[in-house]
Number of protein chains: 4
Amino acid sequence: MDTFGRIFRVSIFGESHGPQIGIVIDGVPEGLELCPEDFAADIARRAPGATGTTPRREADEPQILSGVYEGHTTGAPICITFVNANTRSSDYSQFDAMPRPGHADYVAAVKWDWANDPRGGGHFSGRITLPIVAAGVVAKKVLEGIDIKAELISIGGCTDKERWHEMLKETAAAGDSLGGVVECTATGLPIGLGEPFFDSVESLIAHAIFAIPGVRGVEFGDGFAAASMRGSQHNDPFGPLGPTKNGAGGVNGGITNGAPLVFRVAFKPTASIARPQQTYNFKTEAMDTLQIKGRHDVCFALRTPVIVEAMTAIVLADLV
Amino acid sequence: MDTFGRIFRVSIFGESHGPQIGIVIDGVPEGLELCPEDFAADIARRAPGATGTTPRREADEPQILSGVYEGHTTGAPICITFVNANTRSSDYSQFDAMPRPGHADYVAAVKWDWANDPRGGGHFSGRITLPIVAAGVVAKKVLEGIDIKAELISIGGCTDKERWHEMLKETAAAGDSLGGVVECTATGLPIGLGEPFFDSVESLIAHAIFAIPGVRGVEFGDGFAAASMRGSQHNDPFGPLGPTKNGAGGVNGGITNGAPLVFRVAFKPTASIARPQQTYNFKTEAMDTLQIKGRHDVCFALRTPVIVEAMTAIVLADLV
Amino acid sequence: MDTFGRIFRVSIFGESHGPQIGIVIDGVPEGLELCPEDFAADIARRAPGATGTTPRREADEPQILSGVYEGHTTGAPICITFVNANTRSSDYSQFDAMPRPGHADYVAAVKWDWANDPRGGGHFSGRITLPIVAAGVVAKKVLEGIDIKAELISIGGCTDKERWHEMLKETAAAGDSLGGVVECTATGLPIGLGEPFFDSVESLIAHAIFAIPGVRGVEFGDGFAAASMRGSQHNDPFGPLGPTKNGAGGVNGGITNGAPLVFRVAFKPTASIARPQQTYNFKTEAMDTLQIKGRHDVCFALRTPVIVEAMTAIVLADLV
Amino acid sequence: MDTFGRIFRVSIFGESHGPQIGIVIDGVPEGLELCPEDFAADIARRAPGATGTTPRREADEPQILSGVYEGHTTGAPICITFVNANTRSSDYSQFDAMPRPGHADYVAAVKWDWANDPRGGGHFSGRITLPIVAAGVVAKKVLEGIDIKAELISIGGCTDKERWHEMLKETAAAGDSLGGVVECTATGLPIGLGEPFFDSVESLIAHAIFAIPGVRGVEFGDGFAAASMRGSQHNDPFGPLGPTKNGAGGVNGGITNGAPLVFRVAFKPTASIARPQQTYNFKTEAMDTLQIKGRHDVCFALRTPVIVEAMTAIVLADLV
């Protein structure tokens, strides 16, 4: 299913190299100002261009097909689409025989019996995160007074941002790729969002974040480090204004406690690398050398903070 | 919402110190053998008794109210309940004024305007994981040929199991508690379970796992370490039998790839510790010393592997 | 699936002759007064005893297993169960070979490959409407200021209530059964409940009402008669206080318009009749005479108004 | 919510006079042949042009944005859109003050605080049934071997089709409108579709059918007439090939029994009539005369059989 949310609900569609990709956003309150220009800033943050990102460029102009009238939301579902123009499908023909390591080529071919659209990763493409960023813009409008900020805090294990530019250039020259960690913080949340058990804030955030291609881990507050702590260290005592520290990442028993919601996301290194890879050729039935050409990010994590923000906003808009 | 799943669907109910707790399991295929004895082994694994676990003992006898006829499932919903007998509610009266650090007392009181049942954590209690273990037993029966095994791999940051017994005794003597990490592996899965994006295997597993009280992080395959790797290290090349290594934890593009599903779960240290804690007294409106008596685990992570297995089985039974 | 609703959500379980039947009600606001005595009046309305109803008697005492603390709802899921005591399972053994006309014996056996519980209709039994009546009591408490009243307006096509007693006696003497029509009216609804298209008030009400065993039709306002009208007759003009007549039954475009919600439900005659029926014997593979003994209503529609109210309350509690 | 279905799932969007309307169809199996020409026949059946239908004409050309690759479905969501071109929005300005009797103008304005798009009925418009017809075409492809046929069986209470043309002309001349009844039959269904209670076939069909604007009633098999029958008349005895008559309309206990699924739908007369109507003017706060110009069907029921088929196909594709 390509749908998420109970009240504020999104449904994505599209393939990397199909005619259009888009999203339907249902449950948006009426009367919010919304115009195509509102999307520009967040879409630009996801766009390639910086060191370490793909040279594929798209206009990425959102078309609002429905749900907006005279510059305001109507309460009816909003459909936003983007045209795919700059596609080079010939790049992808070889992966029928040799599915790319770290990609969905193989599982998609088995699951859909080779009927899937293989071009550009098809429906699995990271390009589908573009409509999610658009939905995030709408969700952030719903979340008046709540601030969501995500940033990349490490690349290839290095937290010193001054070294990143050089690392990216070296890795690109080596035909390789790098992973990274994004930290997201949401402030201004009311106490009481979420439910115990299956609709815990962590469950819903993790569900949405693991839907972003390339995520390997999600942790809240002290995260994995909490497993090495004692209760007297990890517990957050209360003061007159709420918790006095934030080892829990803003959530107790699945419910927001008034402290900032804080979590980190581990992104794997880009799977498509220029370096030759030894992998199986299902046509010749022998190991073979795969050389991926195409245009790919050295470190796609660079482009993900705005996607993490969007997913977080979508979850919180559904809870508020 | 206290419900999870689309086809194989569970709904939990009950409070730690209410009359009964239970679960309704819908979407179970007809014709599976099922009797109360089938639950004994997994329930015993969750039960206290070992060093580092609470002395609260319950009979934990499952009652099958529906959905089973002449020892076989009928296809109708199965309701399983457990009686709460061994409760000491007076232990909990003081937490109205001084909500326990690391617990849901505070958020529950704010969210439900002090109408919630505070005894034993009420509906937030870890005791509610007992019916989840019962549903896991049913889910495992649905997953014929699939093997799910979870085990505790570290306590308080220590992976040397020979030292655990001593650490637990020392920590108990200090009135403190310890966290731990559980690793879960599912083998025998077909290729193709899961969907890209919102129904990715990672999204669904993480959703269910973060519903277990006390989880701080979930990671798949190389997990957070992947963020420090290069693509050439993290990518799993294919061989004639599928992936030749398992950095992805058995999932590509949200879909199982035939390798074992592998993930780790970080559990925080038990929040209820015997050591006095400085925290806010909302009645006197001053900082105060909280002394928690009751009966609590030193390291509740010891009892969680079977719960992690149950949640995993519930997710996989829904996907299969 | 045995679940209905998005926010106020019910999940039913149980079989007619199993140990217990029950319902889990999720999404109930905290702080509502609720005790077992609250259920007595509505349960009595569903109970047999009047002319034309089955002599099977059950104590029908609700057990509240969870979600209520010190006489008030807590916001956690409420599970209510009823014990099945007065069962005579031997009555049902013959229907393996000769499924009863008008019953689910045949489809259940085919669908679940004869693994279903055949006793008393199993999970299909009208007895499962008892927990629905209990959920209706809770839903009515949520709907403060809204009044829902259903009544039987015809039996066997006759709207003259004075003749019903005689008709029922005659039909019982003939070993036959009668259908009936129930009309339900809900007043005090705010304007604006429901959504266009799939969550229209009519869609949700009809969905819930057709879940009651034995319903053959549902119509709103002028209903089927509207299809024979002209627009100038059927349209409801507005006055200063809203619609001046109620041909639409209180709904425009799927959304409540402030007029009373009015709909009618057609119930078929009881399928189990004492008269011999010619039907197929799947064991002998020949037509045969079926003689149903057991204890059955002459006109089960007599017991349904409170069930219609309950279903309506469940839908409206979810929308409010 | 504008979404329906659990596996085969549709989400509609768009307003009558917005830029585009459309539908996202998720859960379509891969490998089905699908091209724009497949939609022509069903779209033509919904199009105006015959006596009694609106002169508004649209090209109604479907655009397939996603989910189809080289003429076959891929298993990914299919988005189909239609451009709105032939709009005359000035027709609708007067209804702010004087909401049209029988329309959603009034409830939409109250519900969304006058932020809704009033042009052409906005998101409430019957035009939104066009994407539903498109989804029906896809659903029918999923339902190989199952035949769904709906036809209009009465107009204004008259079942003699030879008189219809004259009745429509007379009614149009009188500035009035007519309702009608559609009967739908689905053959070739396997035994066992549907579930007892909330996912009964009748519940799901009625839910979807009442989502069509203008429906006042739905009945299965003998329908409301069953309420006037005796059990010995209404019961369907079994023969060697299944039920020997079809009073139940092909469903027992919510589950298909192998007989054709048969139901009837009552459509109200078109609400927009040319005749002046006395109704309230919310600006002048006095009764006033409303004169609706625009372009409207005399009997929109003429265009609905293909919509009823589409909704039925959507429900059955979800169940199969």
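A quick note: this is a predicted structure, and the numbers were derived from the prediction, not measured.

All right, on to the relation of the copies chain A and chain D then. Of the transformation superimposing chain A on chain D, the axial component is 0.0 Å and the angular component is 180°, with the fit at an RMSD of 0.0 Å. The transformation relating the two chain copies, once decomposed into turn and shift, fits a two-fold axis. An overlap of 100% is found between the interface residues of chain A and their copies at the interface of chain D, pointing to a shared contact surface.

For an interface, size is often stated in terms of accessible area lost upon the parts coming together. Each partner contributes to the interface: chain A provides 38 residues, whereas chain D provides 38 residues. Between chain A and chain D, roughly 2,900 Å² of surface is buried when both sides are summed, and carbon and sulfur atoms account for 61% of that area. The largest contributions to the chain A side of the interface with chain D come from A:Met1, A:Leu65 and A:Tyr69, which together make up 21% of the buried area. Viewed at the interface, chain D and chain A are joined by 6 residue pairs in polar contact (both at pLDDT 80 or more). Secondary-structure elements contributing two or more residues to the side of chain A that touches chain D are strand E2 (9–13), strand E3 (20–26) and strand E7 (78–83) of chain A. Looking at side-chain class alone, the side of chain A that touches chain D contains 15 nonpolar, 13 polar and 10 charged residues.

Listed per partner, the contact involves 100 residues of chain A and 100 residues of chain B. Across the chain A/chain B interface, buried area totals approximately 7,600 Å², and carbon plus sulfur atoms make up 65% of it. Of all residues in chain A, A:Phe197, A:Phe198 and A:Arg216 bury the most surface against chain B, accounting for 13% of the area lost on that side. At the surface where chain A touches chain B, the tally comes to 3 salt bridges. For B:Lys111, the salt bridge identified is with A:Glu195, shortest N-O distance 3.5 Å. Applying the counting rule to chain A against chain B returns 40 residue pairs in polar contact (both at pLDDT 80 or more).

Let us look at the relation of the copies chain A and chain B. The two copies are related by a screw operation: chain A maps onto chain B through 180° of rotation and 0.0 Å of translation along the axis, at an RMSD of 0.0 Å. A share of 100% of interface residues in chain A that are also interface residues in chain B marks the association as one of identical surfaces.

A few words on the packing of aromatic side chains. Two numbers describe a pair of aromatic rings. These are the distance of the centres and the angle of the planes. On inspection of all chains with the given rule, the structure shows 34 aromatic pairs over all chains. Measuring from ring centre to ring centre gives 5.8 Å for B:Phe267 and B:Phe300, while their planes differ by 90°; the resulting arrangement is edge-to-face. Pair noted here: B:Phe267 is in strand E15 (residues 261–267) and B:Phe300 is in the loop between strand E17 (286–290) and helix H7 (305–319), with a separation of 33 residues, a long-range link. With respect to burial, B:Phe267 and B:Phe300 carry one shared label: buried. Following the ring pairs from residue to residue traces out a cluster consisting of A:Tyr106, A:Tyr280, A:Phe282 and B:Phe238.

Our next topic: the sheet that holds strand E2 (residues 9–13) of chain B. Residue and element names in this part refer to chain B. Within the open sheet, the 5 strands sit side by side as E1-E2-E3-E7-E4. Their pairing is antiparallel. The sheet is open, and its two borders are formed by strand E1 (3–4) and strand E4 (63–64), each paired with just one other strand. Where helix H3 (residues 129–142) meets the sheet, it contacts E2, strand E3 (20–26) and strand E7 (78–83), and its direction lies at approximately 30° from that of E3.

Across all of its chains, the model carries 63 salt bridges over all chains by this definition. For A:Glu309, the salt bridge identified is with A:Arg45, shortest N-O distance 2.9 Å. Here the residue A:Glu309 occupies a position in helix H7 (residues 305–319), and A:Arg45 occupies one in helix H1 (residues 40–46), the gap between them amounting to 264 residues. Between C:Lys245 and C:Asp236 there is a salt bridge, with its nearest N and O atoms 3.0 Å apart. The partly exposed category is assigned to C:Lys245, whose relative accessible area is 34%. Take C:Asp236: its relative accessible area is 5%, and that puts it in the buried class. Through salt bridges that share partners, A:Asp42, A:Arg45, A:Lys140 and A:Glu309 make up one connected network.

A word on the side chain of C:Asn235. Relative to the assigned elements, C:Asn235 resides in the loop between helix H6 (231–234) and strand E11 (238–239). Within the structure, C:Asn235 has its side chain in polar contact with the backbone oxygen of D:Ala271 (distance 2.9 Å). When residues no more than four places from it in sequence are discounted, the contact partners of C:Asn235 are C:Lys245, D:Pro101, D:Gly102, D:Ala271, D:Ile273 and D:Gln277.

All names here are of chain D. Taken N-terminus to C-terminus, the directions of helix H5 (residues 201–209) and helix H7 (residues 305–319) make an angle of 140°; their axes are 9 Å apart at the nearest point. Judged by the inter-axis angle, H5 sits oblique to H7. Note that H5 runs across H7; the crossing there is right-handed. Residues Val201, Leu204, Ile205, Ala208 and Ile209 of H5 form the contact with H7, whose own contacting residues are Val308, Met311, Thr312, Val315 and Leu319.

Turning our eyes to something else, we now look at the sheet that holds E15(B). Strands sit in the order E8(A)-E9(A)-E15(A)-E10(A)-E10(B)-E15(B)-E9(B)-E8(B) across an open sheet of 8 strands; the sheet is antiparallel. The sheet is open, and its two borders are formed by strand E8 (147–155) of chain A together with strand E8 (147–155) of chain B, each paired with just one other strand. The mean angle between the axes of side-by-side strands here comes to 20°, regardless of whether they run parallel or antiparallel. Here strand E10 (residues 215–220) of chain B runs beside E15(B); their pairing, made up of 5 bridges, is antiparallel. Counted as the bridge partner of B:Gly217 is B:Ala266 from E15(B). The strands touched by H7(A) are E8, strand E9 (180–187) and strand E15 (261–267) of chain A; relative to E8(A), the strand with the most contacts, the crossing angle is about 145°.

Right, let's get into unusual backbone geometry. If you check the backbone angles, B:Phe197 has positive phi at about 65° while not being a glycine. Along the chain, the position of B:Phe197 falls in the loop between strand E9 (180–187) and helix H5 (201–209). By relative accessible area, B:Phe197 is classed as buried at 4%. Look at D:Glu285: it is not a glycine, yet its phi comes out positive at around 55°. As for its position among the elements, D:Glu285 is in the loop between strand E16 (277–281) and strand E17 (286–290).

Next up on the list: the confidence of the model for chain A. Scored by pLDDT, chain A has a mean of 92; 95% of the residues are at 70 or more. In the model output, the complex is listed with pTM 0.93 alongside ipTM 0.96.

Rules used in this analysis
Residues numbered from 1 in each chain as written. Chains lettered and ligands numbered in written order. Predicted model: local features only at pLDDT ≥ 70, side-chain atom pairs only at ≥ 80, totals over all residues. Heavy atoms only, no water. Least-squares fit on C-alpha atoms with pLDDT ≥ 70 in both. Contact = heavy atoms within 4.5 Å. Buried area = accessible area lost by both parts, 1.4 Å probe. Polar contact = N/O pair within 3.5 Å; in protein donor to acceptor, adjacent residues only side chain to side chain. Helix = DSSP H or I, 4+ residues; strand = E, 2+ residues; numbered from the N terminus. Nonpolar A, V, L, I, M, F, W, Y, C, P; charged D, E, K, R; others polar. Salt bridge = Lys/Arg side-chain N within 4 Å of Asp/Glu carboxyl O. Phe/Tyr/Trp six-rings, centres within 6.5 Å; stacked < 30°, edge-to-face > 60°. Buried < 20%, exposed > 50% of the residue type's maximum accessible area, 1.4 Å probe, protein only. Pairing = 2+ DSSP bridges. Axes fitted to C-alpha atoms, helices over the stretch in contact; angles between N-to-C directions. Parallel < 35°, antiparallel > 145°, perpendicular 65-115°, else oblique. Left-handed = near helix turned anticlockwise from the far one by under 90°. pLDDT = per-residue confidence, 0-100.

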